[in-house]
Amino acid sequence: MGALYMMIPVSLILGVIVLIIFLWASKAGEFDDIEGPKYRMLDDDAEDIPHKEK
């Protein structure tokens, strides 16, 4: 039963830490474009291909 009294505050602290990290990431714009990266990796950009010297 003693472990239960220790685990409840630890889990609450971890939950608050995860919430703070989520809010920070959301405010930093990490979730603004969730669809773009999966299409961007399929694009063939000419700028990414290195040019050969003639």
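Please refer to the structure higher up on the page.
Residues numbered from 1 in each chain as written. Predicted model: local features only at pLDDT ≥ 70, side-chain atom pairs only at ≥ 80, totals over all residues. Heavy atoms only, no water.

Caption draft 1: Quick peek at the overall build of the protein. Regarding its fold elements, the protein presents two helices and zero strands. Counting across all 54 residues of the protein, residues that qualify as buried make up 4%. By element, 67% of the accessible surface of the protein is carried by carbon and sulfur atoms, the whole surface being about 5600 Å². (Helix = DSSP H or I, 4+ residues; strand = E, 2+ residues; numbered from the N terminus. Buried < 20%, exposed > 50% of the residue type's maximum accessible area, 1.4 Å probe, protein only. Areas by Shrake-Rupley, 256 points an atom, 1.4 Å probe, with all protein chains shown as cover.)

Caption draft 2: Local environment of the pattern of salt bridges. Enumeration over the complete set of coordinates arrives at two salt bridges. Between Asp-33 and Arg-40 there is a salt bridge whose closest N-O contact spans 2.9 Å. On the basis of relative accessibility, which here comes to 40%, the residue Asp-33 falls in the partly exposed class. In this structure, Glu-35 engages Lys-38 in a salt bridge whose closest nitrogen and oxygen atoms are separated by 2.9 Å. With relative accessibility at 41%, the residue Glu-35 sits in the partly exposed group. (Salt bridge = Lys/Arg side-chain N within 4 Å of Asp/Glu carboxyl O.)

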